[in-house]
Amino acid sequence: MRIDIITIFPEMFEGPFSESIIKRARGKGLVEIQLHNLRDYATDTHKKVDDYAFSGGAGMVMMIEPIDRCISTLKQQRSYDEIIYLSPDGNILTQAVSNELSLLQNLILLCGRYKGVDERVREHLITKEISIGDYVLSGGELAAAVLTDSIIRLLPGVLGDETSALSDSFQDGLIAPPVYTRPRIYKGWEVPEILLSGDEKKIAEWKHHQSISRTKARRPNLDPD
Ligand code: ADE
């Protein structure tokens, strides 16, 4: 898979993309992530990418021309399955959305700043709009990093068997059961006896029951029945 990210703050991705699972996935060649600084596609000497909104109102708007030039340049090199704009008014990101996106080959993620992008970008250049939740971030960069992480961990070969994404919360519409490790008793707080029993069938039943009761209590909207 290849993910091209268009942003005016490429440095914001350095930390999240150079540690842990994403670092390993990139190292193994399972995903290629390219960052594109939108200012490189500005047409004036000041590298201007935003301007005042027509009719006034607070805040700057990201201009269409640098964005169009950047996307056009990328499209000359390959075709893209989706061109995604990260925005608080997009469709809410869920595990199902990440699962679908993880099956694609080439994605562009466009990170907005200021008061958003010129609406014509959304009308003519963008194929999907995603929000990571009903709250407003200072820009799309952190949202793009979240989306990228959630997709990459689903790519075949990225996670080992022991951390398989199949046992993640939400993957079966349920929250994952609780987990424990040594010591068996800490300050008198004990690990549930069943997990030490060695009875695989009973343990599987217990975990499933825990998943269902937790989902009902914590995410009633997922409706395990
Ligand atoms: N940009 C600003 N806030 C955002 C959000 N919640 N999701 C995606 N992009 C955003």
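Remember, it's a predicted structure, so these values are computed and weren't measured experimentally.

Participant: I'd love a proper account of the domain arrangement of the protein, names of residues and values included.
Facilitator: Taken domain by domain, the protein holds domain 1 (2–152) and domain 2 (169–222). One C-alpha centre belongs to domain 1, the other to domain 2; they are set 37 Å apart.

Participant: Kindly report on the environment of T127, identifying the contributing residues and their values.
Facilitator: Relative to the helices and strands, T127 resides in the loop between α5 (119–124) and β7 (128–131). T127 gets classed as partly exposed once you look at its relative accessible area, which sits at 48%. For the pair T127 and R113, spaced 14 residues apart in sequence, the C-alpha to C-alpha distance is 19 Å. Those residues in contact with T127, other than ones at most four positions away along the chain, are E82 and I83. Within polar-contact distance, the side chain of T127 engages the side chain of E82 at 2.6 Å. A distance of 2.7 Å separates a polar side-chain atom of T127 from the backbone nitrogen of I83.

Participant: I'd like a description of the sheet that holds strand β5 (residues 82–92), backed by residues and values.
Facilitator: Taken together, five strands build an open sheet; the order of strands is β2-β1-β6-β5-β7 and the sheet is parallel. Looking at strand neighbours, the two that pair on one side only are β2 (32–37) and β7, the edges of this open sheet. For this sheet, the mean angle separating the axes of adjacent strands, direction not counted, is 30 degrees. The pairing of strand β1 (residues 2–7) with strand β6 (residues 106–111) spans five bridges and is parallel. Residue R2 lies in a different strand from β6, and its bridge partner there is N106. Packed onto the sheet, helix α3 (residues 64–77) meets β1, β2, β5 and β6 and runs at close to 160 degrees relative to β1.

Participant: Hey, could you go over α3 for me, with residue numbers and the actual values?
Facilitator: Here α3 is 14 residues long and its end C-alpha atoms lie 20 Å apart, about the 20 Å a rise of 1.5 Å per residue gives. Of all the residues in α3, the buried ones are P66, I67, C70, I71 and L74. The arc that holds every buried residue of α3, seen down its axis, measures 125 degrees, which confines them to one face. Those residues of α3 that are buried are in contact with β1, β2, β4 (60–62), β5, β6 and α5.

Participant: So what about the nonpolar core? Which residues, and what values?
Facilitator: Membership of the largest hydrophobic core comes to 28 residues, with the highest contact counts inside it found for I5, V31, I84, L86, L109, L147 and I152. Of all the elements, helix α6 (residues 141–152) adds the most residues to this core, at six residues. Residues contacting I84, with those up to four places away along its chain left out, are L101, L107, I108, L109, L110, I126, K128, I130 and L147. In terms of nonpolar packing, the next biggest core, distinct from the first, is built from 20 residues, Y41, M62, I67 and L125 among them.

Participant: Now, about the side chain of S98: what can you tell me, with residues and values included?
Facilitator: Considering the arrangement of structural elements, one finds S98 in helix α4 (residues 95–101). The exposure class assigned to S98 is buried, which follows from its relative accessible area of 1%. Excluding residues within four positions of it along the chain, S98 makes contact with L93, S150, I151 and L154.

Participant: Account for helix α7 (residues 200–218), with residues named and values stated.
Facilitator: For an α-helix, the turn length of 3.6 residues means that residues three or four places apart are oriented alike. Here α7 spans 26 Å end to end across 19 residues, near enough to the 27 Å set by a 1.5 Å rise per residue. Looking at α7, one finds that the buried residues are I203, W206, Q210, S211 and T215. Each buried residue of α7 sits inside an arc of 160 degrees when the element is viewed along its axis, so together they form one side. Residues of α7 that are exposed and point over 90 degrees away from its buried face: K201 and H209.

Participant: Kindly report on the packing of aromatic side chains, identifying the contributing residues and their values.
Facilitator: Summed over the entire model, instances satisfying the criterion amount to two aromatic pairs. Plain terms: the ring middles of F13 and F17 are 5.3 Å apart, the flat faces sit at 35 degrees to each other, and that makes the pair tilted. The exposure class assigned to F13 is buried, which follows from its relative accessible area of 1%.

Participant: Explain the site of the ligand residue by residue, including any values.
Facilitator: As a matter of local geometry, the ligand sits amid 13 residues, with S87, I132, G133, Y135 and L137 nearest to it. Relative to its unbound accessible area of 260 Å², the ligand is 96% covered by the protein chains. Top contributing element to the shell around the ligand by residue count: β5, with three residues. Taken together, the residues that form the shell around the ligand break down as eight nonpolar, five polar and no charged.

What counts and how
Every residue gets a number counted from 1 within its own chain, in the order that chain's sequence is written. pLDDT decides what is reported in this predicted model: residues at 70 or higher carry local features, side-chain atom pairs at 80 or more are listed and counted, and totals for whole chains, interfaces and linings draw on all residues regardless. Heavy atoms throughout the structure, all of them, feed into the side-chain values; hydrogens and water do not. Note: domain ranges come from an automatic or database domain assignment. A run of H or I in DSSP counts as a helix once it spans at least four residues, and a run of E counts as a strand once it spans at least two, with each numbered from the N terminus. Each residue gets one of three labels from its accessible area relative to the maximum for its type: buried under 20%, exposed over 50%, partly exposed in between, using a 1.4 Å probe on protein chains only. Throughout, a residue-residue contact means that at least one pair of heavy atoms, one from each residue, lies within 4.5 Å. In protein, a polar contact requires one atom able to donate a hydrogen and another able to accept it; more generally it is a pair of N or O atoms within 3.5 Å, and residues adjacent in sequence count only if both atoms are side-chain atoms. For two strands to be treated as a pair, DSSP must find at least two bridges joining them. Every angle, taken between N-to-C directions, lies between 0 and 180 degrees, and every axis is a line fitted to C-alpha atoms, over only the stretch in contact when it is a helix. To estimate how far a helix should extend, the number of its residues minus one is multiplied by 1.5 Å. The directions considered for the arc run from the helix axis to the C-beta atoms. We call a set of buried residues a nonpolar core when its members are Ala, Val, Leu, Ile, Met, Phe, Trp, Tyr or Cys and they connect through side-chain atoms within 4.5 Å of each other. Each Phe, Tyr or Trp ring, with Trp reduced to its six-membered ring, pairs with another whose centre is within 6.5 Å; inter-plane angles below 30 degrees give stacked pairs, above 60 give edge-to-face pairs, and intermediate values give tilted ones. Distances are taken per atom, and a residue is near a molecule or strand as soon as one of its heavy atoms is within 4 Å of it. Throughout, the Shrake-Rupley method with a 1.4 Å probe supplies accessible areas, and for residues the shown protein chains are the sole cover considered. Under this grouping Gly is polar, as are all residues other than the nonpolar Ala, Val, Leu, Ile, Met, Phe, Trp, Tyr, Cys and Pro and the charged Asp, Glu, Lys and Arg.

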